[in-house]
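Okay, here's what each chain looks like letter by letter:
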Amino acid sequence: MDHFQLKNGILHAEDIPLTQIANEVGTPVYVYSRATLERHARVFREGLKDAGDIHLAFAVKANPNLAVLRILANQGYGADVVSGGEMQRALAAGMKAEDIVFSGVGKSREELALGLDKGIGQFNLESEEEGEMLSEIAAARGVKASATLRVNPDVDAGTHAKISTGKKENKFGVAIDVAPDIYARLSQLPGLDLRGAAVHIGSQLQRLEPLEKCYARMGELIAELRNAGHVVTHVDLGGGLGVPYKPEDNPPSPAEYGAMVARVTRGWDVTLMFEPGRVIAGNSGVMITKVIRIKPGVNSDFVIIDAAMNDLMRPAIYDAWHHFEAVEPSGETMVASIVGPICESSDIFAKERVVDRVETDDLGIFRTAGAYGATMANTYNSRPLVPEVLVDGDRYAVVAERIDPATIMAAEHVPDWLK
Ligand SMILES: *Cc1c(COP(=O)(O)O)cnc(C)c1O
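Residues numbered from 1 in each chain as written. Predicted model: local features only at pLDDT ≥ 70, side-chain atom pairs only at ≥ 80, totals over all residues. Heavy atoms only, no water.

**Comments concerning the overall build of the protein chain**
On a plain count of helices and strands, the protein chain comes out with 12 helices and 21 strands. Counting over 419 residues, the protein chain shows a buried share of 55%. Counting only carbon and sulfur atoms, one obtains 49% of the accessible surface of the protein chain, whose full area is about 18200 Å². Charge centroids of the protein chain, computed over 42 positive and 58 negative side chains, lie 1 Å from each other. (Helix = DSSP H or I, 4+ residues; strand = E, 2+ residues; numbered from the N terminus. Buried < 20%, exposed > 50% of the residue type's maximum accessible area, 1.4 Å probe, protein only. Areas by Shrake-Rupley, 256 points an atom, 1.4 Å probe, with all protein chains shown as cover. Lys, Arg positive; Asp, Glu negative; His and termini not counted. Charge placed at Lys NZ, Arg CZ, Asp CG, Glu CD.)

**Quick word on the environment of Glu38**
Position of Glu38 among the secondary structure elements: in helix α2 (residues 34–47). Judged by relative accessible area, which is 18%, Glu38 ranks as buried. Along the chain, Glu38 and Ala281 lie 243 residues apart, while their C-alpha atoms are 9.6 Å from each other.

**Let's talk about the sheet that holds strand β3 (residues 16–17)**
If you trace the 3 strands from one edge of the open sheet to the other, you get β1-β2-β3, paired in antiparallel fashion. The strands lining the two open edges of the sheet, one partner per strand, are β1 (4–7) and β3. (Pairing = 2+ DSSP bridges.)

**Things to note about the domain arrangement of the protein chain**
Many authors give the size of an interface as the accessible area that is lost as the parts come together. For the protein chain, the domain assignment lists domain 1 (4–32 + 282–409) and domain 2 (34–278). Of note, the centres of domain 1 and domain 2, computed from C-alpha atoms alone, are 32 Å apart. In this assembly, 24 residues from domain 1 lie in contact with 23 residues from domain 2. A combined buried area of about 2100 Å² lies between domain 1 and domain 2, and 54% of that area is made up of carbon and sulfur atoms. When the buried area of domain 1 at its contact with domain 2 is split by residue, Tyr318, Trp321 and Tyr372 rank highest and sum to 27% of it. (Domains from an automatic or database assignment. Contact = heavy atoms within 4.5 Å. Buried area = accessible area lost by both parts, 1.4 Å probe.)

**Some points on unusual backbone geometry**
Cis geometry is found at the peptide bond from Thr27 to Pro28, where omega equals -5°. Secondary-structure assignment places Pro28 in the loop between α1 (18–25) and β4 (29–33). Positioned with a positive phi, Asp154 is a non-glycine residue whose angle comes to about 55°. Among the structural elements, Asp154 can be located in the loop between β9 (145–152) and β10 (174–175). Given a relative accessible area of 28%, Asp154 falls into the partly exposed group. Located in the positive-phi region is Thr368, a residue other than glycine, with phi close to 55°. Here Thr368 shows up in the loop between β19 (363–366) and β20 (388–392).

**Side note on a nonpolar patch on the surface**
Where nonpolar side chains cluster on the molecular surface, the patch consists of Val414, Trp417 and Leu418 and spans about 410 Å² of accessible area. Considering the arrangement of structural elements, one finds Val414 in the segment after α12 (405–410). Look at Val414 and you get exposed, because its relative accessible area is 55%. (Patch = residues over 30% accessible without salt bridge, like charges linked within 9 Å, V, L, I, M, F, W, Y side chains within 5 Å. Salt bridge = Lys/Arg side-chain N within 4 Å of Asp/Glu carboxyl O.)

**A short note on the nonpolar core**
Within the largest apolar cluster, 99 residues are counted, with the highest numbers of intra-cluster contacts made by Phe44, Phe123, Tyr215, Tyr257 and Val261. By residue number, the principal contributor to this core is helix α8 (residues 209–227), which donates 7 residues. When residues of this core are assigned to domains, at least three map to each of domain 1 (4–32 + 282–409) and domain 2 (34–278). Leu11, Ala22, Val31 and Leu363 belong to the second-largest nonpolar core, a separate cluster that totals 16 residues. (Core = buried A, V, L, I, M, F, W, Y, C linked by side-chain atoms within 4.5 Å.)

**A short note on the packing of α8 against helix α9 (residues 254–264)**
With their axes 10 Å apart at the nearest point, α8 and α9 run at an angle of 25° to one another. When the interaxial angle is binned, α8 and α9 end up roughly parallel. The crossing of α8 and α9 is right-handed. Where α8 approaches α9, its residues Leu211, Glu212, Tyr215 and Ala216 are matched on the opposing element by Tyr257, Met260, Val261, Arg263 and Val264. (Axes fitted to C-alpha atoms, helices over the stretch in contact; angles between N-to-C directions. Parallel < 35°, antiparallel > 145°, perpendicular 65-115°, else oblique. Left-handed = near helix turned anticlockwise from the far one by under 90°.)

**Thoughts on the site of the ligand**
Around the ligand, the surrounding shell holds 14 residues, and the nearest of these are Lys61, Ser203, Glu275, Arg278 and Tyr372. At a separation of 3.0 Å, an oxygen atom of the ligand approaches a polar backbone atom of Gly277. About the coverage of the ligand: the protein hides 93% of its 390 Å² of free accessible area. Partitioned by chemical class, the residues of the shell around the ligand number 3 nonpolar, 6 polar and 5 charged. (Near = heavy atom within 4 Å. Polar contact = N/O pair within 3.5 Å; in protein donor to acceptor, adjacent residues only side chain to side chain. Nonpolar A, V, L, I, M, F, W, Y, C, P; charged D, E, K, R; others polar.)

Right under this line is the structure:
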C-alpha cells in the first residue's frame with residue numbers, strides 16, 4: 001500500500017498534488033512519501049514478530065538520501081552499507097554506529113579502518129583475505145572487529161541475472177562448503193571477534209522458496225560451526241524481498257516472509273539480522289516527468305519525455321518495468337513507446353505499451369522508483385542531476401537539489417598547459 005493516489009482527478013503524494021511539485025520544483029523529479037516509508041518500515045518489522053531477537057539494517061544503496069535515512073533511523077533501523085561514503089551518510093543521518101553493518105566484496109584498507117574508527121557494529125567479511133586485512137588493522141589499534149563470514153549458498157534466486165548474488169559463480173561471499181574451514185582459520189586471528197555468518201542471494205525475489213532453501217543451508221552451517229566449537233550469536237539473512245512493479249505482480253508479503261523465517265530459524269538461538277532495501281523504499285517513491293512531444297513511429301507513437309535513462313537506470317540496465325501513469329488521466333489510453341532524450345537506444349522506459357493517453361506538456365509518473373532510482377542517477381549527456389522531494393502530509397521539502405551542468409563543470413579544470 002502506498003500514498004500516491006488520485007484525488008479529484010489529480011495524482012497526489014499524500015495531500016500534495018504532483019502538479020504542484022512539478023510546477024514549483026520542475027521535472028524530472030523524484031517524490032517520496034514519508035507515510036509510505038514509515039508504513040513499510042513498520043510492516044516489515046511486524047512481519048518478523050515471531051522471529052525472536054532481530055536487528056534491522058536498511059540497505060542504504062537502495063536509497064541513500066539523508067532525509068530518507070533519517071526517517072528509517074527514527075523507525076529504529078540501522079544501516080547496511082557497502083562503501084565508506086554510505087557509512088558516512090548513515091552516520092550523518094543519525095544512525096548509531098553500532099547499528100551499522102558493513103557489507104561489500106571490495107572494502108578497501110581505508111574503508112575498513114574508517115569503519116573501525118567509527119565503531120561500526122559488524123563487518124560482513126566476503127573473503128578470507130579481507131578477514132586477514134581487517135584483523136591486521138584492528139590488532140594494530142588494539143581492538144577486535146565484530147564480524148560475520150558471508151557465505152555463498154549456491155542458490156538460484158530466480159531473479160534477473162544482474163541482481164542475482166548467491167550462485168557459486170557470483171563474486172559474493174565464500175562457497176558454503178569451504179566456509180567452515182575459512183571460519184576456523186579466521187576465528188584464530190587476534191583482531192577479529194567472529195560471531196556468525198551472513199548471506200544475501202539477490203534482489204527483487206518473487207518467491208520464498210530460494211530464500212527458504214538458503215536459510216535452511218545456513219541452519220546446517222550454524223550447527224556445523226557450533227559442533228566445531230565456535231560460538232555463533234549473529235546470523236545476517238540479508239535482503240532481497242521483491243515488490244510489485246506491475247499492478248498484477250504479487251510478491252510474498254513481509255508477513256509471509258516473516259512466517260517463513262520464524263519457521264526455518266526456530267531454535268537457532270541467535271540475533272537475526274536483516275538488510276531490506278527495495279521492500280522499504282521501492283513503492284515509497286515515484287518519478288514525475290513531463291512530455292516534451294509526441295513523435296509518430298512505425299509501430300506506435302513515441303512519447304518523448306524529459307526524464308531519461310540517466311535519471312532512472314533500471315529499465316536500461318535490468319530491462320525493468322516501471323508502471324507509467326498520467327498525473328491527470330483522461331481515462332483514455334494509447335499504445336506508445338515512452339523514451340527519453342538521450343542518444344542511446346536503451347533510453348526507453350516502455351516499448352509499445354498501453355498507457356494513459358498523454359500529450360505535449362502533460363505530466364506523468366513512473367511508479368516504484370523509490371529504490372535504485374535517484375541513487376543510480378548520473379549526468380550522462382550533461383543533463384542535470386535529478387532532484388528529490390519528500391512529502392509529509394500537506395507539506396513537502398526538496399531533500400536533494402537539482403545539480404546543474406554549471407556546478408559540475410565548476411569541478412572540472414582545463415590545465416594551464418592547454419590554454
Ligand atoms: C543490495 C543488498 C541488499 C538489499 O537488497 P534489496 O533487494 O534491496 O532488499 C542487502 N544486502 C546486501 C549485502 C546487498 O548487497
